[in-house]
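Residues per chain are reported as follows:
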Amino acid sequence: MSKKPKRGVPKIDMTAMVDVAFLLLTFFILTTTRFREDSKAEVDTPSSVSSLEPPEKELMTITVTGDGKVFVGLSDIATRGEILNRFLSDQQKQDPDLAISAEGAAYFSTLQEFGVPVKDFGTWLSQGGDALKEFEHAGMSPRVTDSTSMTGNDLEKWVRWGRLADQRMRFAVKGDVNTDYPVIEDVISSLQEWDVNQFSLITSLEDGAEVVVEEEEE
């Protein structure tokens, strides 16, 4: 009498599946535009009945606090990396020893916004560890001051570098309800210096207003 062959319990090698799962997780973490640190600037925006909301991608947001300090935010991680290259390319012409640490560049890619004057920017991102997070974001000025390291103002430089980093860059201004108008006027002048004549104004919607998200151009 022939014996039936013993059948073993089938085994499935999960190694490849685990590797793929981690690769997908890493991809989504690195490409999301909402993986950010807490906001560096808090503002109380004025209310309005405007129903148009700025796009989430290819956007530079200029935040102006009640005391006139300016902070810049970039929506896309890839653009943040490219804008760092533009910063280094320009600033190293004056200071060849200027450098940014790998940790500083990685930290910058997570920030919702920053408010470090150009003259202190390299010092900030050359550091590592807790020094990166604890560095003071004193805000930038939208006009020519002694805080700038080159001719012009800090905001004007970031507008230029932003446009060079992403030709499709759009802009939005978010000002505090207590911000003096001359400061907003300086912000607008900085935008117009690089032919940015269209931008969104971010406000708080009044009760009853409906939000409409701006459609992206194909």
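Per-chain numbering applies: the sequence of each chain, read as written, is numbered from 1 onward. Owing to the predicted nature of the model, reporting of local features is limited to residues with pLDDT of at least 70; listing and counting of side-chain atom pairs is limited to 80 or more, with chain, interface and lining totals taken over all residues. Just so you know, side-chain values use all the structure's heavy atoms and leave hydrogens and water out.

**A word on the nonpolar core**
For clarity, the threshold we go by: Buried Ala, Val, Leu, Ile, Met, Phe, Trp, Tyr and Cys residues that are joined via side-chain atoms within 4.5 Å together make up what is termed a nonpolar core. Each residue's exposure class comes from its accessible area (1.4 Å probe, protein chains only) as a fraction of the maximum for that residue type: buried when under 20%, exposed when over 50%, partly exposed otherwise. Counting from the N terminus, the helices are DSSP H or I runs at least four residues long and the strands are E runs at least two residues long.
Within the largest apolar cluster, 36 residues are counted, with the highest numbers of intra-cluster contacts made by Phe-121, Trp-124 and Trp-158. Listed by contribution, the elements that provide at least two residues to this core are β3 (59–64), β4 (70–74), α2 (77–91), α3 (102–108), α4 (118–125), α6 (154–165), β5 (170–175) and α7 (181–192). The dominant element in this core, judged by the number of residues it contributes, is α6, at five residues.

**Thoughts on the sheet that holds β5**
Stated precisely, the cut-off is as follows: Two strands qualify as a pair provided DSSP detects at least 2 bridges between them.
Taken in spatial order, the four strands of this open sheet run β4-β3-β5-β6, and their pairing is mixed. The sheet is open, and its two edges are formed by β4 and β6 (200–201), each paired on a single side. Two strands pair when backbone bridges link them, and β3 and β5 are joined in this way by six bridges, in the parallel orientation. Following the sheet pairing, Thr-61 is matched in β5 by Ala-172.

**Considering the side chain of Glu-156**
Short version of the rule: His is not counted, nor are the chain ends; Lys and Arg add positive charge and Asp and Glu add negative charge. Think of a salt bridge as a Lys or Arg side-chain nitrogen and an Asp or Glu carboxyl oxygen that are within 4 Å of each other.
Tracing the backbone shows Glu-156 in helix α6. Of the side chains with opposite charge, Lys-157 lies nearest to the buried Glu-156, which makes no salt bridge, at 6.5 Å.

**Points about the pairing of β4**
Burial runs high along β4: five of the five residues are buried. Of the two faces of β4, the one carrying Val-70, Val-72 and Leu-74 and the one carrying Phe-71 and Gly-73 are both buried. In terms of strand pairing, β3 meets β4 through five bridges, oriented antiparallel. Counterpart to Thr-61 in the pairing with β4 is Gly-73.

**Some thoughts on α4**
Inclusion rule: Of all possible arcs, the one meant is that of the directions from the helix axis to the C-beta atoms. It only takes one pair of heavy atoms within 4.5 Å for two residues to be counted as in contact.
Listing the buried residues of α4 in full gives Val-118, Phe-121, Gly-122, Trp-124 and Leu-125. Looking down the long axis of α4, one finds its buried residues gathered within 160° of arc, a one-sided arrangement. Where α4 is buried, its residues touch α2, α3, α5 (130–134) and α6.

**Considerations on the environment of Glu-136**
Here Glu-136 lies in the loop between α5 and α6. The spacing of Glu-136 and Val-116 is 20 residues in sequence and 7.5 Å in space, taken between C-alpha atoms.

**As for the environment of Asp-154**
This is how it is decided: Under this definition, polar contacts are N or O atom pairs within 3.5 Å; protein pairs additionally need one hydrogen-donor-capable and one acceptor-capable atom, and for neighbouring residues in sequence, both atoms have to be side-chain atoms.
Mapped onto the elements of the fold, Asp-154 is located in helix α6. As for Asp-154 and Gly-139, which are separated by 15 residues in sequence, their C-alpha atoms are 9.9 Å apart. Within the local environment of Asp-154, its side chain forms a polar contact with the backbone nitrogen of Val-118, the two atoms lying 3.3 Å apart.

**Topic: the packing of aromatic side chains**
Let me state the cut-off plainly: Only rings of Phe, Tyr and Trp enter the pairing, Trp through its six-membered ring, and a pair is recorded when the two centres are within 6.5 Å. The plane angle decides the type: under 30 degrees is stacked, over 60 is edge-to-face, the rest tilted.
Inspection of the entire model under this criterion finds 13 aromatic pairs. Aromatic pair Tyr-107 and Trp-124: ring centres 6.4 Å apart, planes at 85°, arrangement edge-to-face. Of this pair, Tyr-107 sits in helix α3 while Trp-124 is found in helix α4, placing the two residues 17 residues apart along the sequence. A single burial state applies to Tyr-107 and to Trp-124, both of which are buried. Three or more aromatic residues joined by ring pairs form one cluster here, namely Phe-87, Tyr-107, Phe-108, Phe-114, Phe-121, Trp-124, Phe-135, Trp-158 and Trp-161.

**Section: unusual backbone geometry**
Negative phi characterises most residues that are not glycine, and trans characterises most peptide bonds. A positive phi angle, close to 55°, is found at Glu-58, a residue other than glycine. Tracing the backbone through its elements, the reader meets Glu-58 in the loop between β2 (52–53) and β3. One non-glycine residue, Asp-195, adopts positive backbone phi at about 60°. Residue position: Asp-195 is located in the loop between α7 and β6. Residue classification places Asp-195 among the exposed positions, given a relative accessible area of 60%.

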